[in-house]
Amino acid sequence: MHRLLPMKNCPLCVKYFIIYLMQSIQAILQRLYDTHRNYSEGHPATYIPELAKADPKKFGIVVTTVDGEVFKVGDFDTKFSLQSTSKPFIYGLALEDLGREYLHSKVGVEPTGEAFNSIVELEKTTHRPYNPMINSGAIAVSNMIVGSSFEARLQKIMNLFGDYVGHLVTVDENVFESEKQTAHRNRSIAHLLRHFGVIDEHIEETLDLYFKQCSVLVDTQDLAMMAATLAAGGKNPRTHKEVIRSDYAKDILSLMFTCGMYDSSGEWAYSVGIPAKSGVSGAIFGVVPGKMGIAVYSPPIDAKGHSMRGLKVFNDLSQELGLSIFKGHP
Ligand code: GLN
């Protein structure tokens, strides 16, 4: 918490400011929860049938600071699958495996202005995915994860998420199977990637690894801890383990900022102003670099795949706490 403070050398000011800040953050979260809990627009994702079973009323908000302070309201311990909120972390893992030069010879760093599952830009220009935050880029990145076998590569991914959250995580096998059976669009993206030489011939194995990472189970507290780890330059605020090199954590945040909200990234940058990533299970996490990680879970999503309560909470929270990275100190 002390890293949030502008007046570090006056111990009494620090003490009272911390108490004030903690009470206000908790009160703000409670107010946002109360304000938005009855909002009823949007529906849980249906194109992955298992996700349609989510309870639309579930709603959790968690803020975790880089010093490990946690503020939480609502259904913060309800489990959900990461879906696309897994993408930034797997991108980081591939960076550590292969380095920037190789990875970005296969996947770019430009926003598409297209939907997360778009296939058109692959065909249109460079014949490689525009960035690792969309499905085509994430499938290409999954193909790159180094390991002696599928199991070894999956274990590496599970260990990574375990390090980010600070405890072991598991895969929701029902979500995995459900996506695997219905992933016609992702399967066509993978075949097109193979056609253009972006991925190797192990198409189904690559897709399985991608579906598994999307099916990792967390709750809102876990996701906020993952966000706080990125906010802290790659060090988990609770375990103090370095999960990712700080320069790669910076790369992740850059791409989350420009591409993490897909074809809403510009609007998000303008109104919320922090790096963020959404997933169709109804999760959104945001990172205030050097300060805090924020996660919201609420299954009803809009046409672009973003949690509708999540959008509201982030917009309000950004205004109330002055979170935009262009605004100076919150
Ligand atoms: N697993 C989902 C998919 O590939 C992830 C999409 C998302 O969360 N936006 O379609």
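Given the structure is predicted, the values throughout are model-derived calculations rather than measurements.

**Q** Mind showing me how you'd approach the site of the ligand here?
**A** Neighbouring the ligand are Tyr47, Gln83, Ser84, Phe116, Asn135, Glu179, Asn186, Tyr210, Cys214, Tyr262, Gly279 and Val280. In the environment of the ligand, an oxygen atom lies 2.8 Å from a nitrogen or oxygen atom belonging to the side chain of Ser84. For the ligand, an oxygen atom lies 2.9 Å from a polar atom in the side chain of Asn186. A total of 300 Å² of accessible area belongs to the ligand in isolation, and the protein chains cover 99% of it. Judged by the proximity of its atoms to the pocket grid, the ligand belongs to the largest cavity.

**Q** Sorry if this is basic, but what is going on with the nonpolar core here?
**A** Here is a general trend for soluble globular proteins: nonpolar side chains tend to be buried in one another's company. With 67 residues, the main nonpolar core has Phe161, Tyr164, Met226, Leu230 and Phe285 as its most contacted residues. Looking at this core, the element that brings in the most residues is helix α5 (residues 150-165), giving eight residues. Not counting chain neighbours up to four residues away, the residues in contact with Leu230 comprise Phe89, Tyr164, Ile244, Ala249, Ile252, Leu253, Met256, Phe285 and Val287. Of all hydrophobic cores here, the second largest spans 26 residues; its members include Leu29, Tyr33, Leu317 and Leu321.

**Q** Which parts of the structure should I look at to understand a nonpolar patch on the surface?
**A** Among the surface-exposed residues, Leu12, Tyr16 and Ile19 lie close enough to one another that they form a single nonpolar patch of about 320 Å² accessible area. With respect to the helices, strands and loops of the structure, Leu12 is situated in helix α1 (residues 11-36).

**Q** Would you take a moment to explain the packing of α1 against helix α12 (residues 308-321) for this structure?
**A** Two packed helices can be described by the angle between their axes and the distance between those axes. Interaxial distance between α1 and α12 falls to 10 Å at its minimum, and their mutual angle equals 145 degrees. As α1 runs across α12, the sense of the crossing is right-handed. Along the contact surface, α1 presents Ile28, Leu29, Arg31, Leu32 and His36, while α12 presents Arg309, Lys312, Val313, Asp316, Leu317, Glu320 and Leu321. Taken together, the residues that form the contact of α1 with α12 break down as six nonpolar, one polar and five charged.

**Q** Explain the state of the cysteines to me, please; I cannot follow it from the model alone.
**A** Simply put, the disulfide is a covalent bond whose two ends are the sulfur atoms of two cysteines. This structure, assessed with the given rule, holds one disulfide. Note on cysteine connectivity: Cys10 is disulfide-linked to Cys13, with sulfurs 2.3 Å apart. Taking the torsion about the sulfur-sulfur bond, which here is approximately 70 degrees, the covalent link between Cys10 and Cys13 counts as right-handed. For Cys10, a relative accessible area of 26% translates into the label partly exposed. Cys259 provides the cysteine sulfur closest to Cys214, a residue in no disulfide bond, and the two sulfurs are 17 Å apart. Since its relative accessible area comes to 0%, Cys214 is described here as buried. Of the residues examined, Cys259 reaches a relative accessible area of 2% and is grouped as buried.

**Q** Any chance you could explain the pairing of strand β5 (residues 276-279) here in plain terms?
**A** Consecutive residues of a regular strand have side chains that alternate between opposite faces of the sheet. On β5, burial covers both faces: Ala276 and Ser278 on one face and Lys277 and Gly279 on the other are all buried. Bridge analysis of β5 against strand β6 (residues 283-288) gives four bridges, and the strand direction is antiparallel. By the bridge assignment, Gly279 is partnered in β6 with Ala283. In this structure, the hairpin formed by β5 and β6 is closed by a connection of three residues, where Gly282 is found at a positive phi of approximately 110 degrees.

About the criteria used
Residues numbered from 1 in each chain as written. Predicted model: local features only at pLDDT ≥ 70, side-chain atom pairs only at ≥ 80, totals over all residues. Heavy atoms only, no water. Near = heavy atom within 4 Å. Polar contact = N/O pair within 3.5 Å; in protein donor to acceptor, adjacent residues only side chain to side chain. Areas by Shrake-Rupley, 256 points an atom, 1.4 Å probe, with all protein chains shown as cover. 1 Å grid on protein atoms, 1.4 Å probe; cavity = no way out; pocket = protein on both sides within 12 Å on 5 of 7 lines; lining within 4 Å. Sits in = over half its atoms within 2 Å of the grid points. Core = buried A, V, L, I, M, F, W, Y, C linked by side-chain atoms within 4.5 Å. Buried < 20%, exposed > 50% of the residue type's maximum accessible area, 1.4 Å probe, protein only. Helix = DSSP H or I, 4+ residues; strand = E, 2+ residues; numbered from the N terminus. Contact = heavy atoms within 4.5 Å. Patch = residues over 30% accessible without salt bridge, like charges linked within 9 Å, V, L, I, M, F, W, Y side chains within 5 Å. Salt bridge = Lys/Arg side-chain N within 4 Å of Asp/Glu carboxyl O. Axes fitted to C-alpha atoms, helices over the stretch in contact; angles between N-to-C directions. Left-handed = near helix turned anticlockwise from the far one by under 90°. Nonpolar A, V, L, I, M, F, W, Y, C, P; charged D, E, K, R; others polar. Disulfide = S-S within 2.5 Å. Pairing = 2+ DSSP bridges.

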